[in-house]
Structure formats: C-alpha cells, structure tokens
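This is what each chain is made of:
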Amino acid sequence: MATLRPGYKREGSMSAEELKNAVASGSPKSDTKEFLDDAKVDSSATVVNGEVGEALDPSNLLANGKERPIETALDYATRLVSLDDDPTLPVHTFRMWVIGLGLTCFAAVLGQIFYFRPQTVYVSQLFLQVIAYALGVSWHKLLPKASRGRFWAFLNPGPFNIKEHVCIMIMSSTATDSALAISVFAADELYYNIVPNYGVAIFTLLGSQLFGYGIAGLSRSFTVFPTYIIFPNLIPTVNLFDVLHRSENSENAKRLRFFWIVFAAIFCWEWIPVICLAKRNSPWVTRIFGGSNGNEGLGLFSLCLDWNYIGSGGGSLGALFTPFATQVSQYAGVALCCIIFTTMYYKNTWEAQNYPFLSQLLFFENTLILNSDYSLNETALAQYGIPWYAPSNAIYYLGSNLAIGASLTHVFLWFGKPMIQAFKDYRTGEQPDPHYQKMLVYNEVPLWWYGATLLISFGMAMATCYTGNSQLPWWALIVALLVAMFVFPFVSVVYAVTGFNTDVQQLSQMLGAALVPGNSQANLYFTLYGSNTVIQARGLARDLKLGQYTKIPPRATFMAQCAGTIVGAILQLIIMKSIIASQRDILLAVQGTNIWSGQQVQSYNSQAVAWGALAKSMYGPGRPYFIIPLSIVIGLFVPVPFWIAHQFWPTRKFDQVVTPIMCWCLGYLSVGINSSVFGTMLIAIISQFVLRRYCASWFRKYNFLMSAGLDGGTQFMSFIATFALFGGSGKAAVMPTWALNPDQTLYNYDYCTNLT
C-alpha cells in the first residue's frame, strides 16, 4: 500500500450545512447520493452506489475487463467499505442500551475472572458482534411490534439496525480486557499490602482510562478522519456488519451465506487435533523447528493448521487483512530473529547456554537481593550479582525499544506532511475523505467535550496519586501524561496504516525508573499513566473510525464508549476485590491451581521490580543490558536509510518497508507457540499477493469476510471448549494419551524432544 498523498479536491459539492438541510427536508438518501457523486475523490476507486457487493465503476476495470487490484488507502476506504447510509435509522433505542449494557457487564465480569485464571481467554469483538446480532434480531422477532401501541414502539421500534448493532459492540468491547489499573491494584494488595478504598480505586480507574479518550478526541483530525487512516483490522468487522444488515440484494445475501458456512466449518475443524511429526531425539531440531508448545522452539517451516494461532486471535497480525507490505516487513524481521537467536545461543552470548533457549523469567532469587518491601539490597547485590534474562528475552526487549524509536521517525518521514495537511483540511472544512463527508449530516462532538474529559480525568489522576499511596510525585504524573500525549499520534498512525501495534509499556517503565529510581511502587503507577493512556487513546481512535465507516453519529460513539468504560471498570474492580479476598494464597503461589492463577499480576509486578529496583544495576551505562534502553535512540535512525533510498529510487518500493515492525520482530519468537509463523506467511502470500493481484473481485467480496468467519468461528469454539474441557468452569477434562495427544513428559505435541 503506497503512502497517501493528500490534496484531492471536490468540485460542485454541497457544504455541510446544505447536506444537513437536505436531510432535514426529508430526502436524505437521494440528496446524499448526489452529494457523493459530486464528492468522489477518485472515480477509479468507487463502487457504484457505495455497496461492496455491487457492480464496479467501469474505471475500476483493467484493459482486459478484469477488476484492478486494491492497492491504495483510497481503495481500502471506498472499495472495501460501503458508503451507504440512512441517517433516519434510530440509534439511542431502549433495545440498544439494554443489550449494550448487558453485554458490557457480561464482558467485564468474564474478562476479569479470566484475568485470574491459568487459561488465557478473551471475550473477542467478533464474538460480541455475533452475540449482539442474535440478541437484537431475537428481540425484534419475539416482542410485539411497534404497531401495537406507543409502549411497544418504545421497546421494539423496528428491525434491529446496523447503528444499534455497532453501538452495542463499541460499548461492550471496551470492557473485554482487564483495565491496567486492575493489575496495579492487584499487585498493591498482594505484594505491598496497600488496599485502596473503593472511592480512590474507582477514580484512579476512571482517570487512567478516560484521559486517553481526551487525547484521541482532540487529535482525531489526523488520527481518525483522513483516508490514509484505514485500520486494516477493522475491515473484516465492517464487512460483517454490511452483510448482516445489508443483505437485501442477491450479492450480499450470497456473501452472508458464505460467512456462515466458513463460521460453521472452522467451528467444527477446531475440535480436531492436528500435529506435525519431527525428529524426536534432537535438542537442536526442537529449538529450531519445534513450536507446538509454549517456549519450545522457533517453529521454522512448521505447518500449523489451528486458526487459533494463525488467525488474528493468535500471535499473528491477521494474514488475511494486514497489508502485504506490513507482512513482508514482519517476516523479514522474523528471519533476522531466527538468525540472531540461534547465533547467540551457539556462541553463548550473554551466557545463553546457562538458561533456557526461550524463557521470559528474570533469573534471580528475590529473597537474596531484594528487601521485604521490594527495594534493592545493595549489599546482597554486590555479593550475588545482577539478575539475567535468557538472551532471547533480552532481544525481545531490545527489539521493542527499537520499534518505539523507529515509529517516531517512520511517521515523521512518511506521514508528517499528510498529517499536517489533514489538520489543515479539518480546520478549513475541506477534509475530502468520502466517509467523513457522509458524516457531515450528523452533529460532531465539540472539542470542549474532549477537553473537559481530559481535564476531569487529569484531576482524578492527580488527586488519587496521593490518596492512593502511589508514591508517584505530582510532577512525575505530569511527565507520564505528557509522554503519552506526545507518543500517541505516532503509534496510532503506525497502527492505523500498517496494522502494527507499537507497545510503549517498556518506554514508560524505563522513564519511570529514571525519574523515580529505586521505587517499584511508583513505577507501577508511572507505567499505568504513561502506557495505559496510549492504549485507551488508540482504542477510542479505532472506535471513532469504526463509527465513521458505519456512519454512526459521533456523539453516539462517544457516549457508548464512555458508558462501557465506566460500567466495565467498576464491575472489574468489584470482581477483582472479591477474587483476591477469597483466593489470596493461591494467587501468591508460583504455580497456582488449574482454576486460579496470579501469573499476570506476578508478571506485571516483576517488571515493575526489575525497572523500579534494579534499573541502574541492570540497564545503566556500562551494565550488561545498557543496549536495551539505548536501542530507543538507535531506533530513531533505522527508517532513515530507506527514506533516503526512496528519494533516489522512488520506484523500488523502499517506501513500503515498515521499519517499526521489522525492528519489533527481532524478538518475535521469544515467547509463546511459534508453529504458526511459517503457515501464516504462506496464507499472507496467497491472500494479500496472489488473490489481491490476480483474483481482485473475489478478494474484494470475500477475503475479509472469510477472515471474519474464520476468526469468529474459532473464537466461538474456544469459548465453549474453555468451559467444557479446559477448566473454565472449575474442572478440566483429562484427555487420553494417544497418537494426537502424546505423553507430555516425553514429547511436545509435535513429537519433538521435550527439553524441560
């Protein structure tokens, strides 16, 4: 996908006021269509009448009569996403709020319970999207219709529509992941015996969650509205909304049948265990080719047929929807990762052979070098030495920091001018994006709403920093928030354009350690406000773009997200306190049980200890891991050679090298199940190269819908299997040992030697 060059203009188009008047006059559809006909930013990139499944504009055809491939951001925005809209559809219905708040409570409670379970399970957006559709359609069919009277018209105003559906998903999806503040509260209670009261905890939650919303709202002119902001992982979701609610024509009805067939087929397939056989007695074969078990090996040339791992819900970015340039950069980084890991282990760099080939542990004994309050014992450190990482894990941290620096320079070089132009277009009312133009019929969220959100959440954060015993000085809180505000536009644009999600948690931990050294408690809170703020802002920007794609009134999107965040955060806090009160000893244990585990809290606290108490000893100048924080500075220069090369050879595609993800993938294989990597690469080549270039019509109509079906069916199966077989209900089923389930004391699932 080429870099967008903004500046396309429209002639003879309506103003925003004229468009609103057209809607008010009672003929929004015809006038809006005429407006879009006039407002086409590129006639070669439009779909007739705005429907993805309908016939193409003739200018989208090649000389041989076939459809031209999807190449640019404008193609994504206008040929994969419907431009159709009906501004008269109701949004704030009783049905929307009941189902939305109900699913928000469901997602918050279940997500928080699974935060303290040994099984990593998420309530996915696709799962909520399908469940919300089933509930909404059932509501309409089972309750008396609006014709029965005013009361029934209030309860059941008509068919379940796309605007209600999108608002429900936005509201409920905000509560699917446990808020980062919950990790802080859990660590405080379990390891520091600090128990904030409900009032302080709730305001800390809201302050840390909502500040990011203010940032995203104030910067939406260049992080949401422009055409180059596509959010590739939204395309399958939007395609699914389209076929569920716009299946009146035969083409969309056919696409809807295709989705349900794929959904059902993958649901059945995922119950079948599949393995790849390998040489059983070679440790090096396990390290290089193994990958079916966690931390087993690099998974080189392994073929994984489990969509849990090769789909967007697994370790990949989403082979079917992530732009090809992003994936090529990703797998170039993975190739370097394989070379670096094996070379370091073979050469015994950083004493690699003294530690597991892949491990996320920090190898030291707490009781020896840390005091009871988790501060550093200098005398013990001098006697026993500093802790060590497995080199593969150290490279992961190094690559993550390289990616942060590369993201800043990458966006500045390739998207600096488009971002400035987008801001100017917004100020002058000339933003040419066709979806943005369709949104002019709705009242925009005033800037002061987002400004007020920013100030109120800042006040809550500042007040609770002292009342909650965070040990974080007021000036350090301000620095954390300013860093988040600076970093957000860069990482958000990288995410929106390439699909790559830059993790800024390491940056926050390092800065916190530098500003408030030797204090792991303060590091917890600095990371909360420095990292979580960016995560929340990025989430709101993505939801605002979803609203723009599906034509949801901006104020409805804002209200849905805020309602879901507030309700979900309060419920998560209540569930967390209940679980800690009843399962404290188990959560403190290293292993936990098959029902409860404190592994995620332990990991978060361990990182705070490493940076808060040990930063100077491990990462300071002259120390073994000084290269890790220094890599942020090094990363700033990584994109520069590619940018210079593009100036001299503009046709050689140097502008399509995504340096942030290439850097991040230097440590991509350091954790988890890696058997999916090679298979995901093959799927990416088939989908984003072969089908996109040579089967353009099929790719446009079915590729992203297939992604939604595969992800949705897999996640639905995983949800059921978690409760039925894997201990989600409290008791795991013991599966018999046989050919497709080998004895784990001898072999991994792929029959490679078990090295542990």
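In case you missed it, the structure is sitting above this.
1. Regarding the overall build of the protein chain
Thought 1: Per the secondary structure count, the protein chain includes 30 helices and two strands.
Thought 2: Put simply, of all contacts in the protein chain between residues at least 6 apart along the chain, 79% involve residues at least 24 apart.

2. Focus on the packing of helix H21 (residues 474–498) against helix H22 (residues 505–515)
Thought 1: Put simply, H21 and H22 touch, their axes get as near as 11 Å, and they point 150° apart. By the angle between their axes, H21 is roughly antiparallel relative to H22. You can see that H21 and H22 cross each other, and the crossing is right-handed. Contacts from Trp475, Val479, Val483 and Val487 of H21 reach H22 at Leu507, Leu511 and Leu515.

3. Topic: the packing of aromatic side chains
Thought 1: In this structure the tally under the stated criterion is 36 aromatic pairs.
Thought 2: Centre to centre, the rings of Tyr76 and Phe704 are 6.4 Å apart; their planes meet at 70°, and the pair counts as edge-to-face. Separated by 628 residues along the polypeptide, Tyr76 in helix H3 (residues 73–79) and Phe704 in helix H30 (residues 696–724) bring together distant segments of the chain.
Thought 3: Residue Tyr76 is classed as buried on the basis of its relative accessible area of 2%.
Thought 4: When the ring of Phe151 is compared with that of Trp152, the centres are 5.1 Å apart and the planes differ by 70°; the resulting orientation is edge-to-face.
Thought 5: Ring-pair connections join several aromatic residues into one group, and the members of that group are Trp350, Trp388, Tyr389, Tyr396, Tyr397, Trp611, Tyr619 and Tyr625.
Thought 6: Directly above the ring of Tyr198 sits Lys577, whose terminal nitrogen or CZ lies 5.3 Å from the centroid.

4. Some thoughts on the environment of Ala146
Thought 1: Examined against the element boundaries, Ala146 turns out to sit in the loop between helix H5 (125–142) and helix H6 (150–155).
Thought 2: In this structure Ala146 comes out as partly exposed when scored by relative accessible area, which is 28%.
Thought 3: When the C-alpha atoms of Ala146 and Gly158 are compared, they prove to be 6.6 Å apart, with 12 residues separating the residues in sequence.
Thought 4: With residues up to four places along the chain from it excluded, the contact list for Ala146 reads Trp152, Ala153, Asn156 and Pro157.

5. Structural notes on helix H7 (residues 162–173)
Thought 1: For H7, with 12 residues, the first-to-last C-alpha span of 16 Å sits near the 16 Å given by 1.5 Å per residue.
Thought 2: Taken across its 12 residues, H7 has 12 buried, putting it largely inside the fold.
Thought 3: Those residues of H7 hidden inside the fold are in contact with helix H4 (94–115), H5, helix H11 (235–245), helix H23 (520–550) and helix H24 (554–588).
Thought 4: With a side-chain oxygen lying 2.8 Å from the backbone nitrogen of Lys163, the N-terminal cap of H7 falls on Asn161.

6. Quick word on a nonpolar patch on the surface
Thought 1: Where nonpolar side chains cluster on the molecular surface, the patch consists of Trp269, Trp271, Ile272, Leu305 and Ile720 and spans about 450 Å² of accessible area.
Thought 2: By the element assignment, Ile272 lies in the loop between helix H12 (250–269) and helix H13 (283–289).

7. Some thoughts on the nonpolar core
Thought 1: Phe116, Phe185, Tyr228, Leu472 and Tyr529 are the most contacted members of the largest nonpolar core, which has 175 residues in total.
Thought 2: Formed by 10 residues, the second largest nonpolar core is a distinct cluster that contains Leu240, Val243, Leu244 and Phe263.

8. A word on the packing of H7 against H24
Thought 1: Here H7 crosses H24 at 35°, and the two axes come no closer than 7 Å. Between H7 and H24 the crossing geometry is right-handed. Within the contact between the two elements, H7 uses Cys167, Ile170 and Met171 and H24 uses Ala556, Thr557, Ala560, Gln561 and Gly564.
Thought 2: Looking at the contact of H7 with H24, its residues break down into five nonpolar, three polar and no charged.

9. Side note on unusual backbone geometry
Glycine aside, residues mostly have negative phi angles, and peptide bonds mostly take the trans form.
Thought 1: You will see that Asn193, though not glycine, has its phi angle at about 55°, which is positive.
Thought 2: Looking at the secondary structure, you find Asn193 in the loop between helix H8 (180–192) and helix H9 (198–218).
Thought 3: Even without glycine at this site, Asn348 takes up a positive phi of about 60°.
Thought 4: Along the chain, Asn348 falls in the loop between helix H15 (324–347) and strand S1 (362–363).
Thought 5: Asn348 gets classed as partly exposed once you look at its relative accessible area, which sits at 33%.

10. Looking at H8
Thought 1: Helix length check: H8, at 13 residues, gives a terminal C-alpha distance of 17 Å against a target of 18 Å (1.5 Å per residue), a fit within 8%.
Thought 2: Counting buried residues along H8, 13 of its 13 residues qualify, which places the element largely inside the surrounding structure.
Thought 3: Taken from the residues just after H8, Asn193 is the one with a positive phi, measuring 55°.

Thresholds, definitions, all that
Residues numbered from 1 in each chain as written. Predicted model: local features only at pLDDT ≥ 70, side-chain atom pairs only at ≥ 80, totals over all residues. Heavy atoms only, no water. Helix = DSSP H or I, 4+ residues; strand = E, 2+ residues; numbered from the N terminus. Contact = heavy atoms within 4.5 Å. Axes fitted to C-alpha atoms, helices over the stretch in contact; angles between N-to-C directions. Parallel < 35°, antiparallel > 145°, perpendicular 65-115°, else oblique. Left-handed = near helix turned anticlockwise from the far one by under 90°. Phe/Tyr/Trp six-rings, centres within 6.5 Å; stacked < 30°, edge-to-face > 60°. Buried < 20%, exposed > 50% of the residue type's maximum accessible area, 1.4 Å probe, protein only. Lys NZ or Arg CZ within 6 Å of the ring centre and 35° of its normal. Expected span 1.5 Å × (residues − 1). Polar contact = N/O pair within 3.5 Å; in protein donor to acceptor, adjacent residues only side chain to side chain. Patch = residues over 30% accessible without salt bridge, like charges linked within 9 Å, V, L, I, M, F, W, Y side chains within 5 Å. Areas by Shrake-Rupley, 256 points an atom, 1.4 Å probe, with all protein chains shown as cover. Salt bridge = Lys/Arg side-chain N within 4 Å of Asp/Glu carboxyl O. Core = buried A, V, L, I, M, F, W, Y, C linked by side-chain atoms within 4.5 Å. Nonpolar A, V, L, I, M, F, W, Y, C, P; charged D, E, K, R; others polar.

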